[in-house]
Amino acid sequence: MTTNPSLSLRRRPDLTRLIRAGSGAQYLGLIIALVVVSVALSLLSPYFLRPANLLNIGAAISFTGIVAAITTAVLISGGLDLSISAVMAFSGCVVAVSLSAGLPWWLAIGLAMLSGLVIGAVNGGLISYVGINPFVVTVGTQFLVRGLAFLVTAGVVIPVSDPVVRFLGQGRIFGVPFSLLLMAVAFVVAGFLLRSTVWGRHWYAIGGSPEGRMARLAGIPVRRRTFQLYVLSAVFSAVAGAVVAGYTTVGDANALTGLELSILAGVILGGTALTGGRGTVIGTVFGVILIGVINNGIQLLNLGVAAQFIFLGGILLIAVVFDQIKTRRQTR
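Residues numbered from 1 in each chain as written. Predicted model: local features only at pLDDT ≥ 70, side-chain atom pairs only at ≥ 80, totals over all residues. Heavy atoms only, no water.

Examining the overall build of the protein
- Per the secondary structure count, the protein includes 14 helices and four strands.
- Per-residue burial for the protein yields a buried fraction of 49% across its 332 residues.
- A separation threshold of at least 6 residues defines the contact pool for the protein, and within that pool the share at least 24 residues apart is 78%.
- For the protein, the computed accessible surface area is about 16,200 Å², with 70% contributed by carbon and sulfur atoms. (Helix = DSSP H or I, 4+ residues; strand = E, 2+ residues; numbered from the N terminus. Buried < 20%, exposed > 50% of the residue type's maximum accessible area, 1.4 Å probe, protein only. Contact = heavy atoms within 4.5 Å. Areas by Shrake-Rupley, 256 points an atom, 1.4 Å probe, with all protein chains shown as cover.)

Re the environment of Ser85
- Note on placement: Ser85 falls in helix H4 (residues 84-100).
- Spatially, the C-alpha atoms of Ser85 and Gly258 are 7.0 Å apart, while their sequence positions differ by 173 residues.
- What Ser85 contacts, discounting residues up to four positions off in sequence, is Gln142, Arg146, Leu256, Gly258, Leu259 and Glu260.

Some thoughts on helix H12 (residues 259-269)
- Among the 11 residues of H12, 10 are classified as buried, and the element is accordingly described as predominantly covered.
- Every buried residue belonging to H12 is among Leu259, Glu260, Ser262, Ile263, Leu264, Ala265, Gly266, Val267, Ile268 and Leu269, and all of these are buried.
- Looking one or two residues past H12, Gly271 carries a phi angle of roughly 105 degrees, positive in sign.

Brief notes about the packing of helix H8 (residues 178-196) against helix H13 (residues 281-300)
- Two numbers describe how H8 lies on H13: the axes approach to 10 Å, and their chain directions differ by 150 degrees. With respect to each other, H8 and H13 are oriented roughly antiparallel. In this structure, H8 contributes Phe187, Ala190, Gly191 and Leu194 to the contact, and H13 contributes Val281, Thr284 and Val285.
- Of the residues contributing to the contact of H8 with H13, the split by class is five nonpolar, two polar and no charged. (Axes fitted to C-alpha atoms, helices over the stretch in contact; angles between N-to-C directions. Parallel < 35°, antiparallel > 145°, perpendicular 65-115°, else oblique. Nonpolar A, V, L, I, M, F, W, Y, C, P; charged D, E, K, R; others polar.)

As for helix H6 (residues 134-153)
- If you check H6, its first and last C-alpha atoms are 28 Å apart, about what 20 residues at 1.5 Å a residue would give, namely 28 Å.
- Check the buried side of H6 and you find it contacts H4, helix H5 (105-130), strand E1 (158-159), helix H11 (222-248) and H12. (Expected span 1.5 Å × (residues − 1).)

Some remarks on the confidence of the model for the protein
- Mean pLDDT over the protein stands at 87; residues scoring 70 or higher make up 90%.
- For the protein, helix H1 (residues 5-11) is the element with the lowest average pLDDT, namely 36, and H4 is the one with the highest, namely 97.
- Per-residue pLDDT stays below 50 along residues 1-21; that stretch engages in five contacts with residues further than four places along the chain or on separate chains. (pLDDT = per-residue confidence, 0-100.)

See the structure below:
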């Protein structure tokens, strides 16, 4: 008995259509959640809807959004980078120490970005060409880079007084936080790379096949693309670290500990699959904003640090559960 190939193809579900439909439902769910949370907080706190508070939310999520933009691409490729918050802290320390040594702002920021490039090259080289698991590599570099941050600062918080660096984190253009504009640029760049370049198509293909085997058979330079992505991840993190230094006006080796979990939560909540091959920067934008709004509400209501940890852990578990449910439905 023979099977008509054309009939078989007609019966096969359109995976692209299913993914797009799933993304649309994800966006709708995030928008509804954002509206519900915003309405609840506006009723519970008279300060929530004030323009000054909304702009503060934008400034507070800007540096996490910058990193979340490129982390979306990392997860889409099937990778993982847990060193991002350590790179951010180290970058801020490099900026602060460089300025305190009398270097101009542009060189201080340039050195911070160069440090990110080197760290990304180490991550990318070990993962792509040596073949070590991304989790192991980036956890290792997380501790290593955090240690370097303590080394360059001698464990002391270094003040940042340069007006240009402070403008990165605190400045405003027509009332809009400059850091929020930088976040928008980061999402535009990441979205362009994912949707309109060969690099982006390759990252989707690498994440969509087990260990990139099918992508490699298709002639995609898996190792080179993976290496490039981890370099970009660290450079974006270094830029965000410079923004944090301007926002907090200090370089602090202890800063941002555990922030990588909040960033990952925003990306996963936005619909990017932990298993790779699926995700969009638009979803990440909604995820980052939702987490930022809830964190702001926790602070306005004085619920304490315990509530922030409980919320972050809960949102991570919920996001992972929904990701698994979506993955199973689309692979049936």
